[in-house]
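Here is how the chains run, residue by residue.
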Amino acid sequence: MNKKEYLAKLRMYLQGLPISELEDIISDYEEHFNIGISKGKSEEEISKELGDPKEVALSYKSTIETNYEENRQERRSRTNWLAIIVGTVLIVFAISFLSFIRDLNYSRSDGSFVNVKSNGDLVRIGTKGIEVKDGDDHVSIGWDGIKVKDGTDEVSIGWDGIKIKDSESSTSRSSSGWSFFGLGPGDLKWEEVNEEKLAKIEGVKNISISSPFVDIKVITEDRNDVRIHYHGRMKTNVVPELIVDKKNKDIDIKLELPRKSYSVNNSTVVLEVFIPKSFDGNLNSYASSGDIYMKNIVGENISFNTSSGDLILENLEGKTISITTSSGDMSLSKLVGDTINIHTSSGDMKLKDLVGKLTVNTSSGDLNLQNITSEEILLSTSSGDISFKLDDKADFKIKGSSSSGDFIPNGRMKVEENHKGRFSATVGNGQNSIEIKTSSGDVIFK
Amino acid sequence: MNIQFKKGVLELCVLSLLNRKDFYGYELVDHISKYINISEGTIYPLLRRFRSEGYVTTYLEESQEGPPRKYYKLTDRGKEAFEELDIEWENFVNGVNNILRGELN
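Summarised in this report is the structure supplied together with it. Not measured: the values here are computed from a predicted model.

About the criteria used
For every chain, the first residue of the written sequence is number 1, and numbering continues from 1 along that sequence. Whichever chain is written first becomes A and whichever ligand is written first becomes 1, with later ones labelled in order. In keeping with the model being predicted, local features are shown solely for residues with a pLDDT of at least 70 and side-chain atom pairs are shown and tallied solely at 80 or more, while totals for entire chains, interfaces and linings include all residues. Only hydrogens and water are set aside; all other atoms, that is, all heavy atoms of the structure, feed into the side-chain values. Put simply, DSSP H or I for four residues or longer makes a helix, DSSP E for two residues or longer makes a strand, and each gets a number counted from the N terminus. Whether a residue is buried, partly exposed or exposed follows from its accessible area with a 1.4 Å probe, protein chains only, as a fraction of its type maximum: under 20%, in between, or over 50%, in that order. By the convention used here, residues are in contact when the closest approach between their heavy atoms is within 4.5 Å. Directions pointing from the helix axis toward each C-beta atom define the arc. Here a Phe, Tyr or Trp ring, Trp counted by its six-membered ring, pairs with any other such ring whose centre lies within 6.5 Å, and the pair is stacked when the planes are under 30 degrees apart, edge-to-face when over 60, and tilted otherwise. Placement of a positive charge over a ring is assigned whenever Lys NZ or Arg CZ falls within 6 Å of the ring centre and within 35 degrees of the normal to the ring plane. Each patch is built from salt-bridge-free residues with over 30% relative accessible area, joining like charges within 9 Å and nonpolar side chains (Val, Leu, Ile, Met, Phe, Trp, Tyr) within 5 Å. All accessible areas in this document rest on Shrake-Rupley with a 1.4 Å probe, and a residue is counted as covered only by the protein chains that are shown. Salt-bridge detection follows one rule: a side-chain nitrogen of Lys or Arg within 4 Å of a carboxyl oxygen of Asp or Glu. This count recognises Lys and Arg as positive and Asp and Glu as negative, with His and chain-terminal groups excluded. All charge positions are set by atom: Lys at NZ, Arg at CZ, Asp at CG, Glu at CD. In this analysis a 1.4 Å probe is tested at points of a 1 Å grid over the protein atoms alone, and where it fits but cannot get out there is a cavity; an open set with protein on both sides within 12 Å along at least five of seven lines is a pocket; lining residues have an atom within 4 Å of a point. Grid points are joined across faces, edges and corners, and a volume is the space filled by probe spheres set on the points. Each residue is assigned to one of three groups, with Ala, Val, Leu, Ile, Met, Phe, Trp, Tyr, Cys and Pro labelled nonpolar, Asp, Glu, Lys and Arg labelled charged, and all others, Gly among them, labelled polar. Where each domain starts and ends comes from a domain assignment, either automatic or drawn from a database.

1. Some points on the overall build of chain A
Helix and strand counts for chain A stand at 4 helices and 31 strands. Within chain A, the proportion of its 446 residues that are buried is 47%. Long-range contacts, defined here as pairs at least 24 residues apart, represent 47% of the contacts in chain A between residues at least 6 apart.

2. A short note on helix 3 (residues 43-50) of chain A
Residue and element names in this part refer to chain A. Taken together, the buried positions of helix 3 are occupied by Ile46, Ser47 and Leu50. The buried residues of helix 3 occupy an angular sector of 100 degrees when the element is viewed end-on, so they sit on one face. Count one or two residues on from helix 3 and you reach glycine 51, which has phi positive near 95 degrees.

3. What to know about the packing of aromatic side chains
Taken as a whole, this structure holds 9 aromatic pairs over all chains when the rule is applied. Taking the centre distance of 5.4 Å and the plane angle of 10 degrees together, the rings of B:Tyr59 and B:Tyr71 count as stacked. Of the two residues, B:Tyr59 is situated in strand 2 (residues 56-63) and B:Tyr71 in strand 3 (residues 66-74); the sequence distance between them amounts to 12 residues. Overall, B:Tyr71 belongs to the buried group, its relative accessible area being 12%. Counting every residue linked through ring pairs, the aromatic cluster contains A:Phe388, A:Phe407, A:Phe423 and A:Phe445. Positioned above the aromatic ring of A:Trp190, the side-chain terminus of A:Arg233 is 4.2 Å from the ring centre.

4. Some words on a nonpolar patch on the surface
A cluster of nonpolar side chains, namely A:Val116, A:Val123, A:Val132, A:Val139, A:Val148, A:Val155 and A:Ile164, defines an oily patch on the protein surface of about 460 Å² accessible area. Along the chain, A:Val139 falls in strand 4 (residues 137-142).

5. A few points about the side chain of A:Ser140
Residues and elements named next belong to chain A. With respect to the helices and strands, the residue serine 140 is situated in strand 4. Note on serine 140: relative accessible area 16%, which makes it buried. In this structure, serine 140 is in contact with Ile130, Glu131, Gly145, Ile146 and Lys147, ignoring residues within four places of it in sequence.

6. Some remarks on a positive patch on the surface
A surface patch of like charges, here positive, comprises A:Lys295, A:Lys334, A:Lys352, A:Lys389 and A:Lys446. Within the element layout of this structure, A:Lys334 appears in strand 21 (residues 330-344).

7. So, the layout of surface pockets
All names here are of chain A. Of the pockets and cavities examined, the second largest pocket occupies roughly 1,400 Å³. Looking at the second largest pocket, it is lined by 50 residues, and the ones nearest its centre are Asp136, Lys149, Asp329, Asp348 and Lys350. Within the lining of the second largest pocket, the residues separate by chemical class into 13 nonpolar, 15 polar and 22 charged. Residue assignment places the lining of the second largest pocket across two domains, with domain 2 (104-184) and domain 3 (348-446) each supplying three or more.

8. Brief notes about unusual backbone geometry
Where the residue is not glycine, phi is negative for most of them; where a peptide bond is considered, it is trans in most cases. All names here are of chain A. In the Ramachandran plot, asparagine 315 falls in the positive-phi region, its phi being about 60 degrees despite a non-glycine side chain. By the secondary structure assignment, asparagine 315 is in strand 20 (residues 311-325). A positive phi angle, near 55 degrees, is found at aspartate 353, a position not held by glycine. Tracing the backbone shows aspartate 353 in strand 22 (residues 349-362).

Written out as structure tokens, the structure is:
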């Protein structure tokens, strides 16, 4: 048939569709005919190639129905996940809020109304969430998510996704928006990564490293350039791309995701960065859920930023060392700086052999300090506990204030006041100062 | 070739071509029909669905050789969809090849 006949038939079979849509479709085929004709094809030929107008019209009509069905299903799975997170948060909030209203006497200033501690165990329920600790095991449900830790294994569900970690490998899932389970494990395949890049260190003052879920390891070596080794294997639907940018005084090492949603299982992938021992500039590391390991670095400003990734730092020296994390835990030893700033929401901290002015700010993370040499230490916690081991050379004047937490001094301190949330003590000659502010956390000096 | 199968593969083909450059309808149909036997009328409905799902956007461009052409351009979402389909395809092809030529155990 010719063009006129074809388009007339198509128009007839498309009846039932909205007029604007129908006209738009016809214009597509009109364009197709016109271009075909201008290229020397006959109208007959074009009609034949396009196929039966009835079939064509049918594919437009079934398309619309399929769309609606797919959208409905997608909406359903999106709704389910949203319901789970909202439900959990509401339960936490409801428990605490209801009791809060019912018996105001029971609530403390940090909004907790159940606070039971015994030996290493703890149960805490409040407006900030639920926390249960039993030795090394730790369950916390709060505004930044759900975290279950069992020694070295960890499951965390947060706003940025799900991560399951054991001592060897990790599984992460993240998504933009709420369609977490858009892709099932069947869509994942084993990916092996082994990439190596080098970057010249001459004139470089700043190195920055960033990764979404892959762990970062920074190691110094006797070398005269920077070596980046990105390797491991994982079952995934996305492989972060290694990008190394060198501009003037900056080296920028980043693992970029082609899109925000991903699903990664059993990953042993790690981003190793080998830096010359001679480097003494600024070092910034950023990881979302990946962990950061750094050892033996001397620099100017060394900073770390993670969301739920843990930090294991040893033997770092710098002017300022700053660490910011949401729920990542940290183990810091032998850090030397003019100022050391630590800011965490719920991550736990183990600080050992630190030198420098120390400021620690946390909400519910616990703090374990040992052998801190400093002129000024400022510790601020909401419900996190503090355990402070002072050695024989410790020389501090200690001032503390708390709402409902307790101060428990050690035998060597001279306590001036320990009453109704105010604490004042001296150890040694009281040359340096420690200031502690806590809401319901306890402070134990050893 | 099974209808559903062909549809899926066709989606992959169209997205992969658009991933490389913008195409106008006729150009796309012409290129694909060179390699696989399809009813060319099935490509336009596909493009329309892509548009409503936000995988492609369109723009008009005048042409010296003839009538103005409606060009199709892949969006970021479309690129994502392409990459997912590409991985699925790879897996599928590998799976099928293993069945066809792999070991019986």
